Every structure is written in structure tokens, then in C-alpha cells.
Amino acid sequence: MSTNKEVKLTCIARGSRPPATITWWKGSQQISPSGVRVTTEGDTTTSSLLFTPSVEDNGKHVSCKAENLRIPDSEIQKGLSLEVHYPPIVSLRVVSDHEKVGISEYDDVIFECDIQAHPWVNSIDWYFNGRRLTNDPLLGVLISSQSMVLQNIQRSFRGRFICSATNNEDKGVSNEIFLKVKYSPVCQPAQKFVYGILKPESVQIQCHLDADPKEVKFFWRFNSSTKVTDQIIHSVESALKSIASHNIESDEGFGTLLCWGENEIGTQKDPCVFNIIPAEAPLPVENCTVFNRTEDMILVECLEGFNGGMDQTFIMEVYSEESTTLYAKVSSQVPIFLVNGLTQGTVFMLFIYAVNRKGRSSVIQLSTSTIRQAAKLTRERSGTFVFNPVLTVFVSTTVALISVIFILIVVVKIRKRAMLKAPQQRKSSRDNSHRSEAPCRNPWKMLMMVQILYQPKP
């Protein structure tokens, strides 16, 4: 029997007068009669028990006891042991020595997947952030049935872990454990690493780190071809952000600024490197494509080039190809341009470039057009039916084709009729020698006759 599925047990007692009384027992505890139905017929008593077994019922002894209440010690008992099938009950736990003080990068972490199931499971699976894990020693993932070891764990394994088990009844899923891996500071990837400077000028360099714990101490260093110094004026704006002030008065001010942090786990391994370079005009955009166009709209997308170390703006100018009239000028912080309100069916020249405080990039030129409204084949104007040239050609071709087919059919029929009449005509010519002309047997002459016959009048 299976859990959550109702079961009916029946107990029959015969030969007692008056009829026997039947009770149900689970181990030494009597089962409530609320789920029992009893019928009596003569000296026979039938009792039916409806119940839904639970996981705890597996292996327990269920019995029915029949007795004649008027006769002492008359009871008899019959029973059976329950074998209850149920889906796996799964729980996940971490058994590492580091669990109490926290797990850090390069620690080994051991997971145990505790399972209770009957029948026993036929598969056990492990998941990290919804993705199934497999045994992979190169990644430090060692799986052995109900245990999983993560060797030299990296912060990339910071996330949600679960295990699951499946038997013939169903699949069971464990509780979720969020593994919080502590790590020393690292650079955040989405930040500006190249600064183009116009001398003399002062620049504010922002350094963003990522760490756990977030209590980080910042360090800065300037390195150029002529000097190296750690005396950098900087401030800490938040737990993971520091801003350094750097003055450029001569070429010696160009170089690299290094930023790194330190927390209780350790010192940052690879510092953030910020390049301070002389400002340049931006490079041109690349791979510009007319992504979409309608009767009055054009959408263009490009890939941005190097910004010269400074913030840049992208500009697209739209000109009419015929009159060289400037229709629109669009600027954007990203190289995506949308122009509306254009004239339908018009060819336009697009000039695209980038600008910053240093100058302007070279221009990328594109040619495109808005879509012309679809022309109708025919239209009715003021009660007059106007033919379209395309329709005229189509009708003429169709009429000519039908005429040729008709001519070929007539030629075939005439030729067949001539072949059938030929023997009779030869016999008739012998009997009537005064007939000097025989019917025309040349198919080409016949075709010419038919063509003349069916030539349409002008």
C-alpha cells in the first residue's frame, strides 16, 4: 500500500451466538471506530476499516479482534504487518568543519543528503542554482551517492544547493541551503578603466570592489615611467567604493593607478588597473545596420568604437539623396538611432559619427530609404476604370497563351480528321478521275490556314 491512498481492510467472524463484536488495533492502540463499518447476518459479523496509511505506519502491525462479550476470554485475533510505500523524504545539510565560523574561498565543503524512502531510491541528483551537478574532479566536484564534496571552493559556488531522490513512488526534493562563501576583495567588472585627460586637468578615479565581508580597507598606487608613489589622495564613499583625485600637469601625470582592498579573508590578489592616457578623438562606430524601416521611420544600430578615454556622444544626420536637404539630426549616448516623420518612398543618406571633448571621429555613411506605400493594381476614380500597366501586360500575355493553346488543339483535330479521310479520298480519286485536287495533307499549310482563319481583327 502507498501513503495518501485509502485502503480497505475487512475482518469476518463466524460461529458466535450472539454475533461477535469486532475491534481494530494498530499495535497496542485501538483504532477509532469512526472509519469502521459493521454488518451482521446470522452468526456472521463483517467489519470493514477504511484508513489512509502514513509513513509512520510502515512496519506496524494492524489486527482485528473478535469476541463474544457474554463469554469471558472468548476473543480471537488476526492481523498483518503493514508495508507502506512512500516517496523519498529528503533533507540536506552541511557537515564541514568550517560551518560554525563561515566558509571561505579555497575551503573544502561537504554536503550530506539524508534520505528516508520505501522502496529505496533508484537515483540521487544534486543541483546548484537550478543546474544539475555531475561528478567533475577538474572542477573540484566529487559526488558519491548521498555525499558531495566541493574541493577548494571558489566564490562562483556561492548560491543555492539542493538534492533530490527518486523511487518508484515519486520524487522527493530537499530543503534549500544557500552557501555563503566569504572571499577577499576583487574588482567589479562594470566600471571605467581608461581615462583620457586633457592637461592640465584633475580627474576623479572611481574604484569599485566586491568582497565578503564588505568591511574593506582601500589602497592606491600611481605608477609611470618616471615614478611610483602610494601617496594618493582618496576617499571612501561606501564600504566597497573609493574615489582617488589625480592631477595631470605634465606628461609625467600619465600612467596607471592601481587600487586594491583588504578584508578579514585576505588581501586582493589582482588590483584594479586604471590607465590615465592623453585624451584622443573617438574612433568611428562599426557594423552600422538599418535594423528596421517603415513608410516614415528608420531605426539604425551600430557598435561603438574606442571613446578616446572620455565620455562620447553619437550623432546621426539624415539627408535627402536628391536635394541634400537635412531632414533630421539625432544624438544619443548609445549608437542606436530612431528617426520618425520621414517622407515615404524617399532615399536618404545617413552620416554617423561620435564626438567627445577632444574632437570628432570619422564619418560612417549609409544609404537607405523609407518604404513606398504599396500601389494597387487597379483603382476606380470618378466612375472610370483605369488600367494599370502591369495588369495590361498580364492580360495580354494570358490572352496570347490561350490563343496558342486553342490553335494547337484545332490543328491536331484537323490533322487527325485528314488522316482518317485519306484512304477514302484516294479510292474516290481513282473512281472519279475528273477531280484533280486532293485535300491538303501538309500540316504546316493547315496551320497557316488556321492562323489566318483565327487571326484576331485589329
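### Remarks on the state of the cysteines
Inspection of the entire model under this criterion finds five disulfides. The disulfide bridge from Cys-11 ends at Cys-64, spanning 2.0 Å between sulfur atoms. On the S-S bond that ties Cys-11 to Cys-64, the torsion sits near 65°, and the link is right-handed. Linking Cys-11 in strand S1 (residues 7-13) with Cys-64 in strand S6 (residues 61-67), this pair joins segments that are 53 residues apart in sequence.

### Points about unusual backbone geometry
Peptide bonds are mostly trans, and most non-glycine residues show a negative phi. Cis geometry is found at the peptide bond from Arg-17 to Pro-18, where omega equals -5°. Note that the residue after His-118, namely Pro-119, is joined by a cis bond; omega there is 0°. Along the chain, Pro-119 turns up in the loop between strand S10 (109-118) and strand S11 (123-128). Backbone geometry places Asn-4, a non-glycine residue, at a positive phi of 65°. Along the chain, the position of Asn-4 falls in the segment before S1. Residue classification places Asn-4 among the exposed positions, given a relative accessible area of 69%.

### Side note on the pairing of strand S32 (residues 347-355)
Bridge count between strand S29 (residues 313-320) and S32: eight bridges; the pairing is antiparallel. Of the residues in S32, the one forming a bridge with Met-316 is Ile-352. Relative to strand S33 (residues 364-369), S32 is paired through six bridges, and the arrangement is antiparallel. Looking at S33, one finds that Leu-350 is bridged to Leu-366.

### Quick notes on the pattern of salt bridges
Summed over the entire model, instances satisfying the criterion amount to twelve salt bridges. Across the pair Arg-357 and Glu-201 runs a salt bridge whose closest N-O atoms are separated by 2.9 Å. Here the residue Arg-357 occupies a position in the loop between S32 and S33, and Glu-201 occupies one in strand S20 (residues 201-212), the gap between them amounting to 156 residues. Judged by relative accessible area, which is 55%, Arg-357 ranks as exposed. Accessibility expressed as a relative area gives 21% for Glu-201, which makes it partly exposed.

### Some words on the sheet that holds S32
Backbone hydrogen bonds are what pair the strands of a sheet, in a parallel or an antiparallel way. The sheet built from four strands is open, its strands ordered S30-S29-S32-S33 with antiparallel pairing. Looking at strand neighbours, the two that pair on one side only are strand S30 (326-332) and S33, the edges of this open sheet. When the angles between neighbouring strand axes are averaged without regard to direction, this sheet yields 20°.

### Re the sheet that holds strand S9 (residues 103-104)
Judged by pairing direction, the sheet is mixed, and its five strands sit side by side in the order S9-S18-S20-S24-S23 without closing on themselves. Each end of this open sheet is capped by a strand with a single partner; those strands are S9 and strand S23 (234-238). As paired strands, strand S18 (residues 181-187) and S20 are joined by three bridges and run antiparallel to one another. Across the sheet, residue Val-186 finds its bridge partner in S20, namely Asp-210.

### Focus on the packing of aromatic side chains
Within this structure, the stated rule accounts for nine aromatic pairs. The interplanar angle of 25° and the centroid separation of 6.1 Å between the aromatic rings of Trp-220 and Phe-274 together place this pair among those described as stacked. Note that Trp-220 is positioned in strand S21 (residues 217-223) and Phe-274 in strand S26 (residues 272-278), a separation of 54 residues in sequence. With relative accessibility at 0%, the residue Phe-274 sits in the buried group. With centroids separated by 5.4 Å and ring planes inclined at 85°, the aromatic side chains of Tyr-319 and Phe-351 adopt a geometry described as edge-to-face. Here Tyr-319, found in strand S29, pairs with Phe-351, found in strand S32; they are 32 residues apart in sequence, far enough to count as distant. Judged by its relative accessible area of 23%, Tyr-319 falls in the partly exposed class. Aromatic rings pair up to connect Phe-111, Phe-128, Phe-157 and Phe-161 into one cluster. For Arg-155, the ring lying beneath its charged end belongs to Tyr-183, and the centroid distance is 5.2 Å.

Reading guide: rules and limits
Residues numbered from 1 in each chain as written. Predicted model: local features only at pLDDT ≥ 70, side-chain atom pairs only at ≥ 80, totals over all residues. Heavy atoms only, no water. Disulfide = S-S within 2.5 Å. Helix = DSSP H or I, 4+ residues; strand = E, 2+ residues; numbered from the N terminus. Buried < 20%, exposed > 50% of the residue type's maximum accessible area, 1.4 Å probe, protein only. Pairing = 2+ DSSP bridges. Salt bridge = Lys/Arg side-chain N within 4 Å of Asp/Glu carboxyl O. Axes fitted to C-alpha atoms, helices over the stretch in contact; angles between N-to-C directions. Phe/Tyr/Trp six-rings, centres within 6.5 Å; stacked < 30°, edge-to-face > 60°. Lys NZ or Arg CZ within 6 Å of the ring centre and 35° of its normal.

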